[in-house]
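Here is what each chain is made of, one letter per residue.
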Amino acid sequence: MIWVFGDDRMQVWDLVSPLVCGLGVREPRLYMAESGAPVDATAPALLLDGEPLVLREHADDDASSTTDFRLSIVEEILATEKDYCQTLKTVSDLYEKPLRKLLSMEKEDYKSFFDWVEPICSLSKMVIIKLTVAIDEWETYETKVATIFSKLLWTKYEEYQNLYLDTTLPLLKEKESSDEDFVALCQLRQGAAKYSLAALLELPRHVRHTCELHEQGMAPGAGPTAQTIPRLGRVMPGGSTALDAHQIPLQGGRLTHNPPPPHARSL
């Protein structure tokens, strides 16, 4: 067990950087242990308020030795889809459940904010499963993934786009301007998390899928082009990463961790 002490001027990163350096974690990512929400490393450390955190190391992008450009692209899409889905699901623990207790929240308000979560997450899980199967059974000149991004998927995202613009966004602005309890609870729940409720509600609108790639760039046997590479995967506020399973619980000013695997130690 390691105890970390700081003062009011410190940021989250100031607290965890000694541990990160000691473990030799080159590309660290921080998450709330209970909700899985990404942490804003520049947030004031006081916002942790005893909240357990998880430290993970960015997956090694060079781990795959494949020379198949299409396979590399699909692997990257799968990694970002997993990250996107995990981030979407954090809206439940961070905001949905706590706001149930807010007296100023009408039933219809609650539905407008959160009824989309399960359908969108289910679609994302379906994409993850199908991409995983495609990668496991990959045939360089035969496997096609465009059909994974079906008309149903895009229809659901269009429905959310309309719901967001017509109902959710106006309601959010109204609550932010007139409901002090709503604003205070959302700020309290966000704490040191990276995404506010507003950012999570907008996240599905940033979707960019492989079916937006030029057909030539994703055709069997073709490599990525300068036009297709920037449009891969999801476009998420703050970026997205694929992560490995190296985790270290962090309790506010107290760090509790198991010995890291050999590759994570300083040499």
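Below or above, wherever it landed, is the structure these notes cover. These numbers come from a predicted model, not from an experiment.

## Side note on the overall build of the protein chain
Alright, step 1. Of regular secondary structure, the protein chain possesses 8 helices and 5 strands.
Alright, step 2. Order of helices (α) and strands (β) in the protein chain, N terminus to C terminus: β-α-β-β-α-α-α-α-α-α-α-β-β.
Alright, step 3. For the protein chain, the proportion of its 267 residues judged to be buried stands at 43%.
Alright, step 4. Of the contacts made within the protein chain by residues no fewer than 6 positions apart, 78% connect residues no fewer than 24 positions apart.
Alright, step 5. Carbon and sulfur atoms make up 52% of the accessible area of the protein chain, which totals about 14600 Å².

## Side note on the side chain of Glu96
Alright, step 1. With respect to the helices and strands, the residue Glu96 is situated in helix α2 (residues 69–99).
Alright, step 2. Of the residues examined, Glu96 reaches a relative accessible area of 13% and is grouped as buried.
Alright, step 3. Excluding residues within four positions of it along the chain, Glu96 makes contact with Val91, Tyr110 and Phe114.

## Considering helix α4 (residues 117–136)
Alright, step 1. With 20 residues, α4 should reach 28 Å at 1.5 Å per residue; the first-to-last C-alpha distance of 28 Å fits that figure.
Alright, step 2. Restricting attention to buried positions, one finds in α4 the residues Val117, Ile120, Cys121, Leu123, Ser124, Val127, Ile128, Leu131, Ala134 and Ile135. Buried residues in α4, looked at end-on, bunch into an arc of 155°, giving them a common side. Looking at α4, the residues exposed on the side facing more than 90 degrees away from the buried face are Ile129 and Asp136.
Alright, step 3. Contacts from the buried residues of α4 go to α2, α3 (107–114) and α5 (151–178).

## Overview of the pattern of salt bridges
In a structure, side chains of opposite charge can pair up when their charged atoms sit close to one another.
Alright, step 1. Per the counting criterion, the structure on display carries 6 salt bridges.
Alright, step 2. A salt bridge links Arg100 to Glu96; the shortest N-O distance between them is 3.9 Å.
Alright, step 3. Across the pair Arg205 and Glu202 runs a salt bridge, and its minimum N-O distance is 3.5 Å.
Alright, step 4. Several salt bridges share partner residues, and in doing so they unite Asp109, Lys175 and Asp179 into one network.

## Comments concerning the nonpolar core
Alright, step 1. By size, the foremost hydrophobic cluster in this structure holds 63 residues, and its most contacted members are Tyr95, Leu99, Phe114, Phe182 and Leu197.
Alright, step 2. Looking at this core element by element, the count peaks at 12 residues for α2.

## A short note on the packing of aromatic side chains
Alright, step 1. Taken as a whole and assessed by the stated rule, the structure comprises 6 aromatic pairs.
Alright, step 2. On the numbers, 6.1 Å between centres and 40° between planes, the contact of Tyr160 with Tyr164 is tilted. Of this pair, Tyr160 and Tyr164 both sit in helix α5, separated by 4 residues, roughly a single helical turn. Tyr164 carries the same exposure label as Tyr160, and that label is buried.
Alright, step 3. Stacked on the ring of Tyr31, the Lys or Arg Arg56 has its end atom at 5.1 Å from the ring centre.

## A word on the pairing of strand β2 (residues 28–32)
Alright, step 1. Counting buried positions over the 5 residues of β2 gives 4, a clear majority of the element.
Alright, step 2. The pairing of β2 with strand β3 (residues 52–57) spans 5 bridges and is antiparallel. Across the sheet, residue Pro28 finds its bridge partner in β3, namely Glu57.

## Let's talk about the environment of Leu197
Alright, step 1. Within the element layout of this structure, Leu197 appears in helix α7 (residues 197–202).
Alright, step 2. We classify Leu197 as buried; its relative accessible area is 3%.
Alright, step 3. Taking C-alpha positions, Leu197 is 9.4 Å from Phe113, a pair spaced 84 residues apart along the chain.

## A closer look at the packing of α3 against α5
Alright, step 1. In contact at an axis separation of 9 Å, α3 and α5 are set at 120° when each is read in the N-to-C sense. Judged by the inter-axis angle, α3 sits oblique to α5. Crossing of α3 against α5: the hand is left-handed. Seen from α3, the contacting residues are Asp109, Ser112 and Phe113; seen from α5, they are Leu163, Thr167, Thr168, Leu171, Leu172 and Lys175.
Alright, step 2. Split into classes, the residues belonging to the contact of α3 with α5 amount to 4 nonpolar, 3 polar and 2 charged.

Procedures and definitions
Counting restarts for each chain: residues are numbered from 1 in the order of the written sequence. In keeping with the predicted nature of the model, local features appear solely for residues at pLDDT of at least 70, side-chain atom pairs appear and are counted solely at 80 or more, and the whole-chain, interface and lining totals rest on all residues. To get the side-chain values, take all heavy atoms of the structure and skip hydrogens and water. Each helix corresponds to a stretch of at least 4 residues labelled H or I by DSSP, and each strand to a stretch of at least 2 residues labelled E; elements are numbered beginning at the N terminus. Accessibility here uses a 1.4 Å probe with only protein chains present; expressed as a share of the type maximum, an area under 20% marks a residue as buried, one over 50% as exposed, and anything in between as partly exposed. Note on contacts: a residue pair qualifies if any of its non-hydrogen atoms lie within 4.5 Å across the two residues. The method behind every accessible area is Shrake-Rupley, applied with a 1.4 Å probe, and residues are considered shielded solely by the protein chains displayed. To estimate the expected span of a helix, subtract one from its residue number and multiply by 1.5 Å. Arc, as used here, means the arc of the directions from the helix axis to the C-beta atoms. Salt bridges are counted wherever a side-chain nitrogen of Lys or Arg sits within 4 Å of a carboxyl oxygen of Asp or Glu. We call a set of buried residues a nonpolar core when its members are Ala, Val, Leu, Ile, Met, Phe, Trp, Tyr or Cys and they connect through side-chain atoms within 4.5 Å of each other. Pairing of aromatic rings covers Phe, Tyr and the six-membered ring of Trp, with a centre-to-centre limit of 6.5 Å; geometry is then stacked below 30 degrees between planes, edge-to-face above 60, and tilted otherwise. A ring is scored as having a charge over it whenever the NZ atom of a lysine or the CZ atom of an arginine sits within 6 Å of its centre and within 35 degrees of its normal. Strand pairing follows a simple DSSP-based rule, namely that at least 2 bridges must link the two strands. To obtain an axis, a line is fitted to C-alpha atoms, over the contacting stretch when the element is a helix, and the angle between two such axes runs from 0 to 180 degrees between their N-to-C directions. For classification purposes, an angle smaller than 35 degrees is called roughly parallel, one larger than 145 roughly antiparallel, one from 65 to 115 roughly perpendicular, and anything else oblique. Two helices crossing with the near one rotated counterclockwise from the far one by less than a right angle form a left-handed crossing, whereas a clockwise rotation gives a right-handed crossing. Classification convention: Asp, Glu, Lys, Arg as charged; Ala, Val, Leu, Ile, Met, Phe, Trp, Tyr, Cys, Pro as nonpolar; all other residues, Gly among them, as polar.

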